[in-house]
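Now for the letters of each chain:
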Amino acid sequence: MNASYKNNYKKFFRHTYLVFAGMFIAIPFIIDAVAGSRPHAISFFNKSLADTVPVVRKDTGKTKPSAVKPAAAADTNVLSKATDTSGPVTVDTLYVPKISKDTLDAPVTYKAKDSIILMVPDKRFYLYGSANTKYKTIDLTAEKMNFDQETGTLEATNSRDTAGKLFGGPVMNDGGQSFESDTLRYNFTSQKAKIYNTRSQYGEGYIHSAQTKKAADNTIFGFKNGYTTCNLDTPHFSFRARKIKVIPDKLVISGPANLEIEGIPTPLFIPFAIFPITQGQRSGILPPQYVVNQQKGIGLENGGYYIGLGDNFDLTMRGDVYSYGSWSLTASPTYRKRYKYSGGLNLSFANTRFGDPAVKSEFSTSKDFRVTWNHSMDSKARPGVNFGAAVNFGTSSYNRYNVYDYNTRVNNNIGSSITFSKTWIGKPYNLSLGLNHSQNLSTRDVSVSFPDGTFTVNTIYPFQRKEMIGSPKWYEKIGISYNTVLRNQANFKDSLFGKQAMFDAMQTGMQHNIPISFSIPVFKTFTLSPGINYSEYWYTKKFNRKWDPNKFNPGTGINGAIDTSYEAGFFTARDVSTSLALSTAVYGMYAFNKNSKIKAIRHVMRPTLSASFRPDLNPHLYKELQYNNAGDKSMVSVYDGAIIGVPSSGSFGGLNFGLDNNLEMKVYSKKDTTGNHERKIKLLDGFGINGSYNLVADSFKLSTFSLYARTNLFDKLNISASGNIDPYQTDARGRRIDKYVWQNGKISLGRLTNASISMSTSFQSKDKKSKAKEQTMDSIQNAQSTDAAFAAQQRQLQMVRNNPGEYVDFDIPWRVDLSYSLSYTNTIIPDSGGVVRRITQYVSFNGDFSLTPKWKIGLNSGFDFTNMQIAYTNMYISRDLHCWQMSINLIPFGTFRQFSITINPKAGILRDLRINRSRQFYDL
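Residues numbered from 1 in each chain as written. Predicted model: local features only at pLDDT ≥ 70, side-chain atom pairs only at ≥ 80, totals over all residues. Heavy atoms only, no water.

Comments concerning the overall build of the protein
Put simply, the rule is: A helix here means a DSSP run of H or I that spans at least four residues, while a strand means a run of E at least two residues long, and both kinds are numbered starting from the N terminus. Here a residue-residue contact requires only that any non-hydrogen atoms of the pair lie within 4.5 Å. A 1.4 Å probe and the Shrake-Rupley method give the accessible areas. Residues count as covered only by the protein chains that appear here.
Scanning the protein from terminus to terminus reveals six helices and 55 strands. Here the analysis covers contacts within the protein between residues at least 6 apart in sequence; of these, 50% occur between residues at least 24 apart. Accessible surface, the protein: about 55,000 Å² in total, of which carbon and sulfur atoms supply 58%.

This is the structure in structure tokens:
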């Protein structure tokens, strides 16, 4: 053989050896992959503990095995048998060798879409095409990966397409943390990583870093960083910091940082920054907001501290302070217990100063308070029992000086309600107890009712058989029920709260009511309903009124007024009435020809006629009382003004009548899927008339007529109207006389004494994300009200109402809400006979529209036609700046005027990073 032949011969055998060695190494893994027993785990790629755990099994052989020496130390999966001389059955045991230092404590699984290349001599793996590797909590994806077994380092990189564009960058998810980068190196042994040009998300924030080091405890150290809440690859703004440290699920801490907008540094520097990324409840400082108020001066608002006291309780303390001396404090504790109850309390106290203290005529102070409390109980906590509270109580001037939102300032009435109710399951008993409060902020009148209780026994049928067989007898339909009302109420001015005058004004009363009734069908289409009703009244005060000609009357400015005194004690009154009612329904249909789009019109009439009798059981309750200097008198009850009502004067024996109507139309519709191509339209939901005629009265036997109508046209326009007609004539002094209007030859039911009509409608364009929002609202409504997240949502809704310009829906291009109300009163002055006709009209409108997909203009306003004045108006302009939002709010005229412009990030974590400029003006 020549030298050349020998060299070729040696190369041939060396290559053959390497090929066969590679085949022997790869064959087990090919078999495993084909058999599906372990598709992705490779033993020498991942020396897991699963590959070194001994397997113990019984030997069924009866002969004594011979001792076998342990295998070489390099073989980690060789069994060694030991001799057992105690019996015929032997047990195999293992000599567990030392585990290699580079062995991992968990399996590693991997896959690739294109190919996986194993380089045996270099101990390297190469994965190409959407590669994915999983180890413990780490899930890494990238276009390309390579693993060095000797160092235990995995490197993931991106790639370029045919156009030279980068794609498939590494994305690493580890325990909720996400990293997007260009290059990533991870060491399985030390569990440390180094990432280049990374973008990671923590809560609402994103961190862009040139280099990132990940420690074994998941702590992150960043170099040349930017923190932002903008989700774009090139964010609109960021806080640039040289070094950042991230403690997972706790904090993002940075050194000195500079705010950049569109990549341009701003003069705003901060010495350090701490961004919380914790989930759940955390205590901390609430930064104040800088404002300028014309009456109160320069101020800081809504600064304070939040104290988290566990899952069931927290406390928010906020305060306002102004340069002119005004200040306010608010404490807002909330509490909750899942599946039991939830609630919140708000205690506010404000001290407002106006004017210059050196000028007494221009200086004034106002000390005000407000208390609000809400409590709700889960219906599943105690079936049949419910306790709830909605309290809103305070001084009449609190809203005037301390509240600026539209809805609160235009509302002069506030009220409270605390209720407890119990229903006996399986029994007809119901109990309700409550405390009620109403307050008029303009007149300063306050009404407090406590206790206010109601006990009811639902209708029971004492003659009904326990087991019904066949049709029931007429007497088995007789039903009886019971209802009692206890009320204790005081009406007073707010300045008398807690004083003796408030307790002197308190009244107590109780009313019992026992109705007995049943109904039976007669003449097939009629229903006959006889009934008896007994009522009893209990009073603790009797009012004694008399005319005093020497008493000064502030209303008229001359002497002569009614003098009222009360007598304490226990007094009763009772009332009994019987009735017999007959009702039916009459249907009418008018069909159009087949070619008409209107198919038919249906008219339904429901007339009712009843006869009733009520004897006069209380003739001593009503007395004549003179009410003017002319000597005119009227019948007034000694319990007039009682909180539980008074039995009617005299006896009644007469007829009650009423007629209700319903009008519907059936039209052709292409959208109908039933095949009939018809659709029903309600023209009038109801319209009718009610009245009565007293057969035993000596005069004025016919009552006034009550008219009403209501409809919802095209499912868009809601209309309701009502009115009263007096059928009697009046004399020259305006007093009613016992003659009907039509007796003078007029074709008229009478004189219209009062009427009202109201209309409302709403229009809006189609919401681009309506389905997603409906699902979100459903999830909110289905969530437990005891959850802390629900309370946060309620606070968010309140912020939306207070600052409409900062919370607008850009997905709805336009929206308009309109409402109109008209009321008419026709009153005759008894003394002079003059007629006072008063018409009040008011229209309110609110809406918004988008000039562009990012610009929106909104308006809330109205117009009072009686005073010819524009109502309280609020205008706003909003601009969507992607991760920021700008809003301009304007109240152009009225007692309270305001202008403000605000630019702030959308993310809640940076809600205190805002630029605000506001001006407020108030007419004293």
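A word on the side chain of K214
Note the following rule: Any N or O atom pair separated by 3.5 Å or less is treated as a polar contact, with the protein-specific requirement of one donor-capable and one acceptor-capable atom, and with residues adjacent in sequence counted only for side-chain atom pairs.
Within the secondary structure layout, K214 lies in strand β14 (residues 205-214). Looking at K214, its side chain comes within polar contact range of the side chain of D174, at 3.1 Å. At 2.8 Å, the side chain of K214 and the side chain of N218 are in polar contact.

Quick notes on the nonpolar core
To be explicit about the condition: Side-chain atoms within 4.5 Å are what join buried Ala, Val, Leu, Ile, Met, Phe, Trp, Tyr and Cys residues into a set we call a nonpolar core. We call a residue buried when its accessible area falls under 20% of the maximum for its residue type, exposed when it is over 50%, and partly exposed in between, using a 1.4 Å probe and counting protein chains only.
Counting 41 residues, the largest nonpolar core has M145, Y186, F188, F237, V246 and V252 as its most contacted members. Y186 has contacts with Y135, I138, G152, T153, L154, M172, Q191, K192 and A193, leaving out every residue within four places of it along the chain. With 11 residues, the next largest nonpolar core counts F571, A573, V638 and Y639 among its residues.

As for unusual backbone geometry
In this structure, P451 follows F450 across a cis peptide bond, with omega equal to -5°. Note on placement: P451 falls in strand β31 (residues 445-460). In this structure, N197 takes a positive phi of about 50° despite not being glycine. By secondary structure assignment, the location of N197 is in strand β13 (residues 192-202). The backbone phi angle of K524 is positive, close to 70°, even though this residue is not glycine. With respect to the secondary-structure elements, K524 resides in the loop between β34 (520-522) and β35 (526-553). The class for K524 is exposed, based on a relative accessible area of 84%.

A word on the pairing of strand β4 (residues 115-119)
Rules: Note: two strands are recorded as paired if DSSP finds a minimum of 2 bridges between them.
Pairing of β4 with strand β5 (residues 124-135) involves five bridges; the strand directions are antiparallel. Its bridge partner lying in β5, M119 is registered against R124. Connecting β4 to the antiparallel partner β5 that follows it, the hairpin turn spans four residues, and K123 within it adopts a positive phi of roughly 55°.

Regarding the pairing of strand β11 (residues 177-180)
The pairing of strand β10 (residues 171-174) with β11 spans four bridges and is classified as antiparallel. Within β11, the residue paired with V171 across the bridge is E180. With antiparallel pairing between neighbouring strands as the criterion, β10 and β11 make up a hairpin whose turn holds two residues, including G175 at a positive phi of roughly 60°. Looking at chain direction, β11 and β13 are connected through three bridges and run antiparallel.

Here we look at the environment of A216
Counting through the fold element by element, A216 comes out in the loop between β14 and β15 (220-228). In this structure A216 comes out as partly exposed when scored by relative accessible area, which is 42%. Between the C-alpha atoms of A216 and S190, which are 26 residues apart in sequence, the distance is 6.7 Å.

Some thoughts on a nonpolar patch on the surface
Just so we agree on the cut-off: By definition, no residue in a patch forms a salt bridge, and every one has over 30% relative accessible area; like charges are joined within 9 Å, nonpolar side chains (Val, Leu, Ile, Met, Phe, Trp, Tyr) within 5 Å. Put simply, a salt bridge is a Lys or Arg side-chain nitrogen that is within 4 Å of an Asp or Glu carboxyl oxygen.
Taken together, Y290, I298, L300, V321, W327, L329, F349 and F369 make up a surface patch of nonpolar side chains, about 720 Å² in accessible area. At the level of secondary structure, the elements contributing two or more residues to the nonpolar patch comprise β23 (297-308) and β25 (327-337). Examined against the element boundaries, L329 turns out to sit in strand β25. Note on L329: relative accessible area 51%, which makes it exposed.

Digging into the pattern of salt bridges
Overall, the coordinates contain 19 salt bridges when judged by the stated rule. A salt bridge links K214 to D174; the shortest N-O distance between them is 3.1 Å. Of this pair, K214 sits in strand β14 while D174 sits in strand β10, placing them 40 residues apart in sequence. For the pair K214 and D174, one class covers both residues: buried. Where D848 meets K856, a salt bridge forms, and the shortest distance between an N and an O atom there is 3.3 Å. Taken individually, D848 and K856 each receive the classification buried, so the pair is uniform in this respect.

Brief notes about the confidence of the model for the protein
Keep this limit in mind: You can read pLDDT as the predictor saying how much it trusts each residue, on a scale of 0 to 100.
Of all residues in the protein, 81% attain a pLDDT of 70 or more, and the chain-wide mean is 79. In this model residues 1-13 is a low-confidence stretch, pLDDT under 50, and it forms one contact with partners more than four residues away in sequence or in other chains. pLDDT under 50 marks residues 15-21. Its contacts with residues more than four places away, or in other chains, come to zero contacts.

Brief notes about the side chain of N694
Among the secondary structure elements, N694 is positioned in strand β42 (residues 678-694). We classify N694 as buried; its relative accessible area is 10%.

Looking at the environment of I888
In this structure, I888 sits in strand β53 (residues 884-891). Sequence separation between I888 and S918 is 30 residues; the distance between their C-alpha atoms is 9.5 Å. I888 has contacts with M875, Y876, I877, F899, S900 and I901, leaving out every residue within four places of it along the chain.

Observations concerning the state of the cysteines
Throughout this description, disulfide means a covalent bond between two cysteine sulfur atoms. Operational definition: Cysteine sulfur atoms that come within 2.5 Å of each other are treated as a disulfide pair.
Within the structure shown, the criterion is met by zero disulfides. Counting only cysteine sulfurs, C883 is the nearest neighbor of C230, a cysteine outside any disulfide, at a range of 3.7 Å. Here C230 falls in the buried class, since its relative accessible area comes to 0%. You can call C883 buried: its relative accessible area is 6%.

Here we look at the environment of G531
Tracing the chain through its elements places G531 in strand β35. What makes G531 buried here is its relative accessible area of 13%. In this structure, the C-alpha to C-alpha distance between G531 and I516, residues 15 residues apart in sequence, is 5.5 Å. Leaving out residues up to four positions away in the same chain, G531 has contacts with I516, S517, S577, T578 and S579.

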